[in-house]
Amino acid sequence: MSELPKGSAVNGGNVVPAGPRVEKNEGRPALPALGSVLVCALGGYVATTSLAFVAPAIVAYGLVSCARGRLVREMLPGLAATIAVCAALGASSGAVVLADCAIACLAALAVAAAMVTGRLTPGASCIVVAAITACHLGVDAAAASAGGTTLADTVRELLTYARQQLAEASPTAAAQVDSTIATLEVMWPTGYVMASLAEGLMAHLGAWLAAAGMPEVSRPRLADFDLPLWIVAALVASVAGLAAALTVPAAPDTVLLVSANLVMALRFAFLAQGIGVLSHLLGERGVGALGRSLAAVAGLYLEAQFIVVSIVGLVDVWANFRHLARGGQPGPTGNAEQDKEPANAG
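Definitions and limits used
- Residues numbered from 1 in each chain as written.
- Predicted model: local features only at pLDDT ≥ 70, side-chain atom pairs only at ≥ 80, totals over all residues.
- Heavy atoms only, no water.
- Helix = DSSP H or I, 4+ residues; strand = E, 2+ residues; numbered from the N terminus.
- Buried < 20%, exposed > 50% of the residue type's maximum accessible area, 1.4 Å probe, protein only.
- Contact = heavy atoms within 4.5 Å.
- Areas by Shrake-Rupley, 256 points an atom, 1.4 Å probe, with all protein chains shown as cover.
- Axes fitted to C-alpha atoms, helices over the stretch in contact; angles between N-to-C directions.
- Parallel < 35°, antiparallel > 145°, perpendicular 65-115°, else oblique.
- Nonpolar A, V, L, I, M, F, W, Y, C, P; charged D, E, K, R; others polar.
- Phe/Tyr/Trp six-rings, centres within 6.5 Å; stacked < 30°, edge-to-face > 60°.
- Lys NZ or Arg CZ within 6 Å of the ring centre and 35° of its normal.
- Expected span 1.5 Å × (residues − 1).
- Arc of directions from axis to C-beta.
- Core = buried A, V, L, I, M, F, W, Y, C linked by side-chain atoms within 4.5 Å.

Structural notes on the overall build of the chain
Secondary structure assignment for the chain yields 13 helices and 4 strands. Classification of the 346 residues of the chain by burial places 38% in the buried group. Of the contacts formed within the chain by residues at least 6 apart in sequence, a portion of 72% connects residues at least 24 apart. Here the chain has roughly 18,000 Å² of accessible surface; of this, 69% comes from carbon and sulfur atoms.

Quick look at the structure:
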């Protein structure tokens, strides 16, 4: 027998080339159609409670369960149930709360639709999180405008009040408080990014779990998470803007605000890629799910202390530690290609 390419395997007499893989589902009893719609309605209810951060997972689970034929239009009954419950229970809480509920539910719809159509690429995930962030910022900005002010001024007033309270409580730490508040005056939009990232991850979790009952749907693996090059281009542009804001005295404050927060947001994307590299390397060495989970926690600790994991993710764009056929793929084509192709939503 001739020598196979490195990493190839033989499956049913056919040579399977090495490369990114997707998790194949064994299949399990799926929810009935009515049950899927009721799960979506439950997600709409949860979105109006103090546990709203869990709602995207529940809604995405229900929506994916609705799509028996992998068609987005099959999700419409579940989406209608979600919106109806949100509107009925959230209207009394005000327009802002109702808008936030709608954003969370639409985020779940976007992730669920991408999952069942095989379009849940890393690039698509980044776009979903960016859209959620923009929507939440827009809602709060509109609310501030209705009150005769701006969102930036509102945040500034809150930080000024916090500075006064903290300085009075601990006069000896006044300098440290001033430094922290000054940082928050620039980095406050990152709080929206983190909240939106949590909603996006919850939606991904719900869709991923629901797809376990659909053997025809391939679930993307974290070990194959591979960012498209336009994310790197965005990082380069934001770093250049940050450098200009810090070195050019006449640079507008907006340049610093946008660049610094964009760099921080993209750091989360490269953190995911770094954890993907870690998961892949441990999986190749036979480390189980528990060991990989503990390693991911350790990676997050190292990231918080030394920004190690996101640097690994950035370097992987060029080094390709996992030897992926660029990019990593949740389907038969790579992420870079899938990000270019129009989605077939059915």
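What about the packing of helix α10 (residues 253–284) against helix α12 (residues 308–319)?
Packing of α10 against α12 brings their axes to within 7 Å, and their N-to-C directions diverge by 80°. The angle between α10 and α12 places the two elements in the roughly perpendicular class. Facing Arg267, Phe270, Leu271, Gln273, Gly274, Ile275 and Val277 of α10, the residues of α12 in contact are Val309, Ser310, Val312, Gly313, Leu314, Asp316 and Val317. When its residues are assigned to classes, the contact of α10 with α12 shows 8 nonpolar, 4 polar and 2 charged.

Some thoughts on the packing of aromatic side chains
Evaluation of the coordinates by the stated rule reveals 1 aromatic pair. With a centroid separation of 6.2 Å and 70° between ring planes, the pair formed by Trp188 and Tyr192 is classed as edge-to-face. Considered together, Trp188 and Tyr192 belong to a single accessibility category, that of buried residues. Over the face of the ring belonging to Trp208 we find Arg219, whose NZ or CZ atom lies 3.7 Å from the ring centre.

Re helix α11 (residues 289–306)
An α-helix turns once per 3.6 residues; consequently, residues spaced three or four apart project the same way. Taking 1.5 Å of rise per residue, 18 residues should cover 26 Å, and α11 covers 25 Å from first to last C-alpha, within 8% of that figure. Within α11, the full set of buried residues consists of Ala295, Gly299 and Glu303. Angularly, the buried residues of α11 cover 85° about the axis, an arc narrow enough to put them on a single face. Opposite the buried face of α11, by more than 90 degrees, sit the exposed residues Leu290, Leu294, Val297, Tyr301 and Ala304. Just downstream of α11 lies Ile307, where phi reads positive at about 55°.

Here's the deal with the nonpolar core
By size, the foremost hydrophobic cluster in this structure holds 36 residues, and its most contacted members are Leu63, Val64, Met75, Val111, Met115 and Ala207. Contributions of two or more residues to this core are made by α1 (33–46), α2 (55–66), α3 (76–90), α4 (95–116), α5 (122–146) and α8 (189–210). The dominant element in this core, judged by the number of residues it contributes, is α4, at 11 residues. Non-local contacts of Met75, meaning those with residues more than four positions away in its chain, are made with Leu63, Cys66, Ala67, Leu109, Ala112, Ala113 and Val116.

Thoughts on α12
Given a rise of 1.5 Å per residue, 12 residues ought to cover 16 Å, and the 16 Å separating the end C-alpha atoms of α12 matches this to within 8%. Listed in full, the buried residues belonging to α12 are Val309, Ser310, Gly313, Asp316 and Val317. Along the axis of α12, the buried positions cluster into a sector of 110°, meaning they face one direction only. After α12 finishes, the residue Asn320 shows a positive phi value of roughly 50°.

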